[in-house]
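Structural characterization, general
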Amino acid sequence: MKKQQAIKSKSCTDCGVYNCRNLDATFPAFCLTTQSRGEHGMDEMISGVTDYLRGEHQDALVARVSAQIEGRFYGKLTRVEEIVEFAKGIGAKKIGIATCAGLIQEAKIFAAILSAKGLESYSAICKVGAVDKTEIGLAEQDKLRPGKHEAMCNPILQAQLLNQQETDLNVVIGLCVGHDSLFLKHSEALVTTLVVKDRVMAHNPVGALYNAQSYYKRLLQES
């Protein structure tokens with residue numbers, strides 16, 4: 001029983017084989033691909049998703065276009081270029097840009113690139129609405145500049161504005177942790193990310209993972 005529980009508690013980060021990629025090895029005993037979990041068997045879940053993605057709906061189109069971009073342009077195109085290819089592949093004409101105020105210049109460059117590639121864009125900055133943080137219950141000491149007007153980030157309003165514009169695809173540029181979650185939740189259009197916010201790592205959060213055994217050892221310290 002304990003052995004079965006141990007197997008059920010393991011997941012993909014416990015694996016060192018990754019046979020699911022090329023089927024050139026052996027699946028470990030705890031592999032998600034081969035183990036039944038929950039009320040449905042894994043074979044049933046796999047076939048259900050596969051059958052679903054054989055359709056002609058948006059999810060199926062997105063799955064195919066994404067895989068085509070990977071196959072055709074692997075290691076050849078930048079993320080910016082991949083987003084352009086993806087937008088065109090799914091037939092998106094109007095691209096929404098949900099940008100952090102701190103990356104507005106980058107958002108302007110991205111908008112210019114979209115225009116050059118024949119795509120329309122519409123942007124909403126995170127501080128839209130200019131609502132002070134205290135209006136939603138924050139104390140003055142929670143501000144970067146206590147005692148002064150400090151607009152909250154407003155990802156729900158960003159999503160609503162892009163929804164009104166009936167954008168076909170929305171692109172996140174540097175929204176804060178959590179604010180990006182709210183934007184994703186309230187966006188009616190499909191969302192992809194161009195920039196992930198990391199003020200310390202120059203918006204390259206994976207840098208902290210690469211240095212977790214050296215400069216950022218504190219990340220692995222128990223707390």
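Scroll up for the structure.
Below: a short report on this structure. None of the values given here were measured: they were computed from a predicted structure. (Residues numbered from 1 in each chain as written. Predicted model: local features only at pLDDT ≥ 70, side-chain atom pairs only at ≥ 80, totals over all residues. Heavy atoms only, no water.)

Examining the pairing of strand β4 (residues 190-195)
Here is the key point about a regular strand: its side chains alternate between the two faces of the sheet. Filter applied, for reference: For two strands to be treated as a pair, DSSP must find at least two bridges joining them. Where helices and strands are cited, they refer to DSSP runs of H or I of at least four residues and of E of at least two residues respectively, numbered from the N terminus. Assignment of crossover handedness uses the view with strands pointing away from the viewer, where a clockwise path from the first strand over the helix to the second indicates a right-handed crossover.
Bridging between strand β3 (residues 169-173) and β4 involves 5 bridges; their strand directions are parallel. Within β4, the position partnered with N170 by the bridge is V191. Crossover handedness for the path β3 to helix α8 (residues 179-186) to β4: right-handed.

A look at the packing of helix α4 (residues 58-73) against helix α5 (residues 79-89)
Quick note on the threshold: To obtain an axis, a line is fitted to C-alpha atoms, over the contacting stretch when the element is a helix, and the angle between two such axes runs from 0 to 180 degrees between their N-to-C directions. Between 65 and 115 degrees an angle is taken as roughly perpendicular, under 35 as roughly parallel, over 145 as roughly antiparallel, and anywhere else as oblique. Helix crossings are classified by the rotation of the near helix relative to the far one: an anticlockwise turn of less than a right angle makes the crossing left-handed, while a clockwise turn makes it right-handed. Here a residue-residue contact requires only that any non-hydrogen atoms of the pair lie within 4.5 Å. Side-chain classes follow a simple rule in which Ala, Val, Leu, Ile, Met, Phe, Trp, Tyr, Cys and Pro form the nonpolar group, Asp, Glu, Lys and Arg form the charged group, and the remainder, Gly included, forms the polar group.
Look at α4 against α5: their axes get within 10 Å of each other, and the N-to-C directions meet at 140 degrees. Judged by the angle between their axes, α4 and α5 are oblique. The crossing of α4 and α5 is right-handed. Contacts between α4 and α5 involve L61, V62, V65, S66, I69 and F73 from the former and E82, E85, F86 and G89 from the latter. Considering only residue class, the contact of α4 with α5 consists of 6 nonpolar, 2 polar and 2 charged.

Considerations on the nonpolar core
The cut-off we apply is this: What makes a nonpolar core is a set of buried Ala, Val, Leu, Ile, Met, Phe, Trp, Tyr and Cys residues whose side-chain atoms join them at distances within 4.5 Å. We call a residue buried when its accessible area falls under 20% of the maximum for its residue type, exposed when it is over 50%, and partly exposed in between, using a 1.4 Å probe and counting protein chains only.
The biggest cluster of nonpolar side chains holds 21 residues, and the ones touching the most others in it are F86, I95, F110, L114 and I173. Within the residue set of this core, elements represented by two or more residues are α4, α5, β1 (94-99), α6 (104-116) and β3. Per-element tally for this core: the top contributor is α5, with 4 residues. Ignoring anything within four residues of it in the chain, the contact list for L114 reads V84, I95, I97, L119 and S121. Core analysis: the second largest hydrophobic core is formed by 10 residues, A124, C126, L162 and F183 among them.

A word on the sheet that holds β3
Read across the open sheet, the 4 strands follow the order β2-β1-β3-β4; overall the sheet is parallel. Two strands bound the open sheet, and with one partner strand each, they are β2 (120-125) and β4. Mean inter-strand twist for the sheet, computed between neighbouring axes without regard to direction, equals 25 degrees. Relative to β2, β1 is paired through 6 bridges, and the arrangement is parallel. Its bridge partner being in β2, K94 is matched across the sheet by E120. Along the sheet face, α6 touches β1, β2, β3 and β4 and points at about 170 degrees away from the line of β1.

Regarding the pattern of salt bridges
Worth spelling out the cut-off: Every case where a carboxyl oxygen of Asp or Glu lies within 4 Å of a side-chain nitrogen of Lys or Arg is listed as a salt bridge.
Applying the stated criterion to the full structure yields 7 salt bridges. A salt bridge links E120 to K94; the shortest N-O distance between them is 3.9 Å. Of this pair, E120 sits in strand β2 while K94 is found in strand β1, placing the two residues 26 residues apart along the sequence. The class for E120 is partly exposed, based on a relative accessible area of 46%. Residue classification places K94 among the buried residues on the basis of a relative accessible area of 14%. Between K143 and E140 there is a salt bridge, with the nearest N and O atoms lying 3.3 Å from each other. Given the relative accessible area of 6%, K143 is considered buried.

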